Amino acid sequence: MASSCRCLTKTTPHFHSHFHPIIAFYSSLVFSLLFFQLIHAIPRSSTIPNVADTTTTNFELYKIRAHLRKLNRPYLKTIKSSGGDIIDCVPSHLQPAFDHPLLKGQNPLDEPERPRGYNITGENEMKVKEIILSQEWRQSGEECPKGSIPIRRTRKEDVIRADSIARFGMKPVIRRSSTGTGHEHAVGYVVGQQYYGAKGSLNVWAPKVATSTEFSLSQLWLLSGSFSSGDDLNTIEAGWQVSPQLYGDERPRFFTYWTNDAYQATGCYNLYCVGFVQTNNKIALGAAISPTSVYDDRQYDITILVWKDPKHGHWWLEFCPGILVGYWPSFLFAHLGAHATMVQFGGEVVNTHPYGAHSPTQMGSGHFSCEGPNRAAYFRNLQVVDWDNNLIPLPGPRLVADHPDCYDIRGGSSSEWGSYFYYGGPGRSTRCT
């Protein structure tokens, strides 16, 4: 089985568990993270109406339009996708990141040195065009001019769907309650060392999301900071997600996220705030990915690499072999400015307990891990970057699912897939109530 970004042939790797008594200690750290993700969102002022609310006042509309003027930048060209997205080709120096005082007047950095052990083969180079065209807006053959970057245009309806203007583009407001409402995960992780990057391949699905305030995503996380203080956690995140509240549909989309304070007031998805610096004119953050994997048929996967540039210290993002997307400046972070102390791969959903029961929102393919190849979602060829900028195999990832009757995980290793795991589930079912 070739390690490519596209078609996966059917195999049946041998499963074996990595669980160990020491998992109890490491799992406590992960569950601390999950707890803070449950409570991180603090209600803000500037509350705006639900999209179904017809009582939007003129003053509320004024605030929304003012926010749209801040988000949508002057552009050189506009491209409309078949699915309705509008992509604006914005001059690179006008992207949101360069509103930051430490970046004003600067230009995006040149390409950094990639980790040792990273190879772009001729076969992978042939796949680059296919991966670029997997973004729906590129399927017409148009692209943004050099010196510009593609930014998905934000519309009035996008902002109205958010919890508030202040929290638009941030993780949704989820309040901890007696019913256990919140974020649920099935992840593989390593912790306890200094990590300078992570890499993995994951297949892309279009899971069903039950309500507009829930989401389903698959991603990698780089984390550092305290899990106990409540506002000290730093994260860098990238993957694909289905989020009706953020995008207005149920199509999987390539995304990034970051926070410097456990999701409270800093950070955002994609380019919705000052932060991530995009350098690529062919990849749009938040753009729909098409096609997606088909149950018991062809599988489509993407490879994501995030690593810390040894020269400047910034965290770079690569989307499949050779496609540099951009970087998170190191000064955004209190702790990730140095290195990560935990790396996670896996799935996450928001469960709002609609109708008083567990949500039927799916994770991954919507099928449990035991269904295996061509049926369950996976991560494969998991690696981390060490202190000397070397890519090394993930050393025995711990596997944990906080609601295994709803979403589970099982893993193993093979010569072709390295460290891997299958994960996911249907949400509410006879097992999950």
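The structure we're discussing is the one just above.
Residues numbered from 1 in each chain as written. Predicted model: local features only at pLDDT ≥ 70, side-chain atom pairs only at ≥ 80, totals over all residues. Heavy atoms only, no water.

Peer 1: Sorry, what's going on with the side chain of Thr-259 here?
Peer 2: Following the sequence through the fold, Thr-259 ends up in strand 9 (residues 253–259). The exposure class of Thr-259 is buried, given its relative accessible area of 0%. Side chain to side chain, Thr-259 and Asp-261 meet in a polar contact 3.1 Å long. (Helix = DSSP H or I, 4+ residues; strand = E, 2+ residues; numbered from the N terminus. Buried < 20%, exposed > 50% of the residue type's maximum accessible area, 1.4 Å probe, protein only. Polar contact = N/O pair within 3.5 Å; in protein donor to acceptor, adjacent residues only side chain to side chain.)

Peer 1: I keep staring at the side chain of Arg-380 and nothing clicks. Help me out?
Peer 2: Turning to its location among the elements, Arg-380 is positioned in strand 16 (residues 377–385). Reaching out from Arg-380, the side chain makes a polar contact with the side chain of Asp-301 at a distance of 2.7 Å.

Peer 1: What should I look at first to understand the packing of aromatic side chains in this one?
Peer 2: Any aromatic ring pair is given by two values, namely how distant the centres are and how the planes are angled relative to each other. Under the defined criterion, the tally for this structure stands at 17 aromatic pairs. Ring geometry for Phe-255 versus Tyr-269: centroids 5.8 Å apart, planes at 70°, classification edge-to-face. One end of the pair, Phe-255, is in strand 9; the other, Tyr-269, is in strand 10 (residues 268–269), with 14 residues separating them in the sequence. Both residues of the pair, Phe-255 and Tyr-269, belong to the buried class. Ring plane angle 70° and centroid distance 4.8 Å describe the contact between Phe-276 and Trp-328, whose orientation is recorded as edge-to-face. Separated by 52 residues along the polypeptide, Phe-276 in the loop between strand 10 and strand 11 (277–278) and Trp-328 in strand 14 (residues 324–328) bring together distant segments of the chain. Given the relative accessible area of 1%, Phe-276 is considered buried. In textbook terms, an aromatic cluster arises when at least three aromatic residues are bridged by ring pairs, as seen for Phe-255, Tyr-257, Tyr-263 and Tyr-269. Sitting over the ring of Tyr-257, Lys-171 keeps its end group 5.4 Å from the ring centre. A cation sits over an aromatic face here: Arg-431 above Phe-368, 3.9 Å from the ring centre. (Phe/Tyr/Trp six-rings, centres within 6.5 Å; stacked < 30°, edge-to-face > 60°. Lys NZ or Arg CZ within 6 Å of the ring centre and 35° of its normal.)

Peer 1: What is the right way to look at the nonpolar core in this model?
Peer 2: Across soluble globular proteins, nonpolar side chains show a tendency to be buried alongside one another. With 86 residues, the main nonpolar core has Phe-254, Ile-304, Val-306, Leu-317, Trp-328 and Phe-345 as its most contacted residues. Beyond its immediate chain neighbours, meaning those up to four positions away, Leu-317 contacts Ala-238, Phe-254, Thr-256, Phe-276, Ile-304, Leu-305, Val-306, Ile-323, Leu-324, Val-325, Gly-326 and Trp-328. Residues Ala-97, Phe-98, Leu-305 and Leu-391 belong to the second largest nonpolar core, which totals 13 residues. (Core = buried A, V, L, I, M, F, W, Y, C linked by side-chain atoms within 4.5 Å. Contact = heavy atoms within 4.5 Å.)

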